[in-house]
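An overview of the molecular structure
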Amino acid sequence: RIMRPDDANIAGNVHGGTILKMIEEAGAIISTRHCNSQSGEPCVAALARVERTDFLSPMCIGEVANVSAEITYTSRHSVEVQVNVMSENILTGAKKVTNKATLWYVPLSLKNVNKVVEVPPIQYARKEQEDEGKKRYEEQKLDRLETKQRNGDVILPVINPEPHTVGYSQSSLIHLVGPSDCTLLGFVHGGVTMKLMDEVAGIVAARHCKTNIVTASVDAINFHEKIKKGCVITVSGRMTFTSNKSMEIEVFVDADPFVDEPRERYRAVSAFFTYVSLSKEGKPLPVPQLLTETEDEKRRFEEGKGRYLQTKAKRQAQMQQSAQ
Amino acid sequence: RIMRPDDANIAGNVHGGTILKMIEEAGAIISTRHCNSQSGEPCVAALARVERTDFLSPMCIGEVANVSAEITYTSRHSVEVQVNVMSENILTGAKKVTNKATLWYVPLSLKNVNKVVEVPPIQYARKEQEDEGKKRYEEQKLDRLETKQRNGDVILPVINPEPHTVGYSQSSLIHLVGPSDCTLLGFVHGGVTMKLMDEVAGIVAARHCKTNIVTASVDAINFHEKIKKGCVITVSGRMTFTSNKSMEIEVFVDADPFVDEPRERYRAVSAFFTYVSLSKEGKPLPVPQLLTETEDEKRRFEEGKGRYLQTKAKRQAQMQQSAQ
Amino acid sequence: RIMRPDDANIAGNVHGGTILKMIEEAGAIISTRHCNSQSGEPCVAALARVERTDFLSPMCIGEVANVSAEITYTSRHSVEVQVNVMSENILTGAKKVTNKATLWYVPLSLKNVNKVVEVPPIQYARKEQEDEGKKRYEEQKLDRLETKQRNGDVILPVINPEPHTVGYSQSSLIHLVGPSDCTLLGFVHGGVTMKLMDEVAGIVAARHCKTNIVTASVDAINFHEKIKKGCVITVSGRMTFTSNKSMEIEVFVDADPFVDEPRERYRAVSAFFTYVSLSKEGKPLPVPQLLTETEDEKRRFEEGKGRYLQTKAKRQAQMQQSAQ
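Residues numbered from 1 in each chain as written. Chains lettered and ligands numbered in written order. Predicted model: local features only at pLDDT ≥ 70, side-chain atom pairs only at ≥ 80, totals over all residues. Heavy atoms only, no water.

A few words on the interface of chain B and chain A. Facing the 24 residues of chain B at the interface are 22 residues of chain A. Of the roughly 2100 Å² buried at the junction of chain B and chain A (both faces included), carbon and sulfur atoms supply 66%. It is R33, I90 and L91 of chain B in chain B that bury the most area against chain A; as a group they hold 27% of the surface buried on that side. Seen at the junction of chain B and chain A, the total is two salt bridges. Our count for the contact surface shared by chain B and chain A stands at four residue pairs in polar contact (both at pLDDT 80 or more). (Contact = heavy atoms within 4.5 Å. Buried area = accessible area lost by both parts, 1.4 Å probe. Salt bridge = Lys/Arg side-chain N within 4 Å of Asp/Glu carboxyl O. Polar contact = N/O pair within 3.5 Å; in protein donor to acceptor, adjacent residues only side chain to side chain.)

Structure below.
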């Protein structure tokens, strides 16, 4: 579809959240279609996880987004989908890859939303494809378990914070979940959640460096809990780490099922977003260093540094590989 | 994309206007891409005309719309695009054709919006295809001229109208044209205009028969004048004809460039929409007859009857042909 | 949240209606949460009234709106909420107060929409707070009764009106109430109604003075009747008064429950909006005087003048007080 002014920031760069939302819709369509392809129980695919994704080049207003999706692995109860986004300038014909994302879906029964339906197996062209898929499946399963434990953290308000401290840029928004945010099952689309997360993370980044910022990458996101229609969700973000030219922001989504439900507020999702600051010519700008004050902030900064160095090393390894 | 609650009426049937908007977006993308495919002046394709289109079967919430577009003819300054819409139930896998539409676009220069750019010619598989396209081109050109003359008509308000008269159901809305309604050239997308037209026509139909209604077909729509960002548009509809099971509504779009422009209000588009009334089981219901009062109303009723009988005859001829 | 192009007019000033909608959403969330905080009947807070609110400074595209809400009084069946809106320029860090609004909500049972649920009392820091709240409660109750009687008025169409007369700028729109306009109870959010009211009032003001206009204030709005999903609402506005630099517009909302309901069209809301005209530099411009023709128009002009002078006197008294 054509990118419109509302999909973009004031500099004309399309929000990462808009792209994440399109990716998720494509993934949900292909995996729901696959899971209903055999005459089993009717079901709807719910997003369980998005693997780390990089925004390779910014998309602009007036460009057309081409989204393609393919199922690359199936376990008994989950589907792995690979989604590619190409941006096309229809005036010049120029095309470039914007994103490659890997998503995991779980099919839930249309009759009983707490029941996970069995997934029809796909055929692999080669045996290695299946083995590699299985390896990815095991890895993400482990990672899901780990993040579940980290989820207790909350963002406390800070009064009169100093510039460039964590408290200075931290932000949150609340959103009442309406019908058009939801799937046929009455739960929020994963893509809607990711779009709100990107919006908050973008505000945190802009407050910190006061320039035009764009999403550079999103770490793996795990959707631990479903969010129902009528909930109020609180999306909060705080900066955890800065390198010379990038900022890492941790985002939490908490759901408050305050009507019709005996349940307490719970953590539904959490994730790390990385942003860069761009000059008017689209060049990356230096970023002010994050000032850490408490022990927890210092610890999170070190952890963020670890993730940053790990990603950097991985990227260098890939570049060397492709140069060979 | 997946049809959402907001795309549909309360009975779950997707608004014809939502489908028209998707069709137009697909047409605009393919024709803008084509017109920029040779190294000429950068341009954007603007919708000039939509041929009569039938809504063959209603689409529902949760279904996926598959839109495909193909260029079928090019003249020196215009492009003919054929768009097909299939609805797919991703739970059952069932697919059906919802719409086939033919649209005409004119490429306008990005630098000078009043300049029409030359269209690169397409290659035809057979000579007859080109000849048939040329015939369609000449026909629509003639029809465009004719409707331009009809355009002086206005809808006058009626005080305390009787049920089932023209004045009883006539309706109008105003809309301030915002940035996301517009193309790169700052003019309203044809699809946005058609969506508003369908909204007004649907309200006229519902006011007349007070039941669940759906769009059955749209007559050829000619876009005589562009509408600029910041304009207020008035979309008005009145019923012109009823058969036993259908209602014909005429819709006008007037633009009011009231800020920063010396220009008077002008007629930008007009068209006829046909609606049917559906029972809860989706069966067509009888429609109360339209009561005509003035001479003009009686004349328009007879003209509507003419269009109705002509369409009916054409459809029967097609059915006989396909039965042979 | 960040203000987007679609939230603003072509001069970049955010529509008053967008701000009113955010205010109402915050109020609805906090009062629904409060009314469900004790183990009573599940309920949803419905907007009953908004006190007069001034737009202290215009908000622009790219700014972030910070909305905070607090419950300031509870009666047995209603909740008073105070909402503050700050606009923040995230590039410069500059913040300013945009709005302060007071809203009254009534909790309706989720099981029986016609039943008003009891409100858990709040604790007051000082006895005077409770007494002042009670006084405000009694005042608004009286005002609600009064406006209910005024509500019979309708806006009649005028044919070929002269510039600057009432008939020249009067406008109306129709809107089909869709799922995302509604609360969990299936009734229109008060904020959605206010946004449409501001849209119509803004078009009336722009038609009158043909310049860039912004909302300056909104008088108390009483929501007498709920509006159900599937209704068609007609929002109409007419100018009632002009001072040298401001315009007062009266707006009516009528609901037409035409499908599946035996009920006639009814008046749901009415209110007065005040607009000012701004030059390109953001300075207030003189406004053409409203030409009144009929006796009713002259009477309404005088009533508007009364409201204008009263507000002016009140503001001057406040300024003297704060200067002391």
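With that settled, the discussion passes to helix α4 (residues 190-209) of chain A. Since the α-helix advances by 3.6 residues per turn, residues separated by three or four positions end up pointing in the same direction. Residue and element names in this part refer to chain A. Under the 1.5 Å per step criterion, the end-to-end length of α4 is 29 Å for 20 residues, consistent within 8% with the ideal 28 Å. Counting buried positions along α4 yields 19 of 20 residues, so the element is predominantly enclosed. Remark: K210 follows α4 within two positions and exhibits a positive phi of approximately 55°. (Helix = DSSP H or I, 4+ residues; strand = E, 2+ residues; numbered from the N terminus. Expected span 1.5 Å × (residues − 1). Buried < 20%, exposed > 50% of the residue type's maximum accessible area, 1.4 Å probe, protein only.)

Let us look at the relation of the copies chain C and chain B. Take chain C, turn it by 180°, move it 0.1 Å along the axis, and it overlays chain B with an RMSD of 0.1 Å. On the angle and the small slide along the axis, the relation comes out as a two-fold axis. Within chain C, the C-alpha atom positioned nearest to the axis of rotation is that of L173 of chain C, 2.0 Å from it. When the interface residues of chain C are mapped onto chain B, 100% of them again lie at the interface, so the same face is used by both copies. (Least-squares fit on C-alpha atoms with pLDDT ≥ 70 in both.)

This next bit is on the relation of the copies chain B and chain A. Overlay of chain B on chain A (RMSD 0.1 Å): rotation 180°, translation along the axis 0.0 Å. Mapped onto chain A, 92% of the interface residues of chain B are again interface residues, and the two copies thus contact each other with one and the same surface.

Residue and element names in this part refer to chain A. Counted by the stated rule, this structure contains zero disulfides over all chains. Of the cysteine sulfurs around C35, a residue in no disulfide, the closest is that of C43, at 4.9 Å. You can call C35 buried: its relative accessible area is 4%. (Disulfide = S-S within 2.5 Å.)

Turning next to the pairing of strand β7 (residues 212-218) of chain A. Residue and element names in this part refer to chain A. Buried residues dominate β7, accounting for five of its seven residues. Where strand β2 (residues 53-54) and β7 come together, two bridges link them in antiparallel fashion. In the sheet register, T53 faces β7, and the bridge partner there is V218. Examined bridge by bridge, β7 and strand β11 (residues 266-278) share six bridges and lie antiparallel to one another. Its bridge partner lying in β11, T215 is registered against Y275. (Pairing = 2+ DSSP bridges.)

Time to look at the interface of chain C and chain B. Facing the 30 residues of chain C at the interface are 32 residues of chain B. Taken over both partners, the interface formed by chain C and chain B buries close to 2600 Å², and the fraction arising from carbon and sulfur atoms is 67%. The interface formed by chain C and chain B contains two salt bridges. Ionic pairing is found between D256 of chain C and R207 of chain B, a salt bridge with its closest N-O pair at 3.6 Å. Where chain C packs against chain B, one counts zero residue pairs in polar contact (both at pLDDT 80 or more). The set of elements that each furnish at least two residues to the side of chain C that touches chain B consists of β6 (171-176), α4 (190-209) and β9 (232-242) of chain C.

Under the defined criterion, the tally for this structure stands at 18 aromatic pairs over all chains. For the pair Y73 of chain B and Y137 of chain B, a centre-to-centre distance of 6.1 Å together with 40° between the ring planes defines the contact as tilted. With a gap of 64 residues between them, Y73 of chain B in strand β3 (residues 64-74) and Y137 of chain B in helix α2 (residues 127-150) connect regions that are remote in the sequence. Neither residue differs from the other here; Y73 of chain B and Y137 of chain B are each classed as buried. A ring pair is formed by F241 of chain B and Y308 of chain B, whose centres lie 5.5 Å apart and whose planes are at 45°; its orientation type is tilted. Of the two residues, F241 of chain B sits in strand β9 (residues 232-242) while Y308 of chain B sits in helix α5 (residues 295-323), which places them 67 residues apart along the sequence. According to the relative accessible area criterion, F241 of chain B is buried, its value standing at 5%. Pairwise contacts between aromatic rings join Y73, W104, Y124 and Y137 of chain A into one cluster. We note K226 of chain A situated over the ring of F187 of chain A; from NZ or CZ to the ring centre the distance is 5.4 Å. (Phe/Tyr/Trp six-rings, centres within 6.5 Å; stacked < 30°, edge-to-face > 60°. Lys NZ or Arg CZ within 6 Å of the ring centre and 35° of its normal.)

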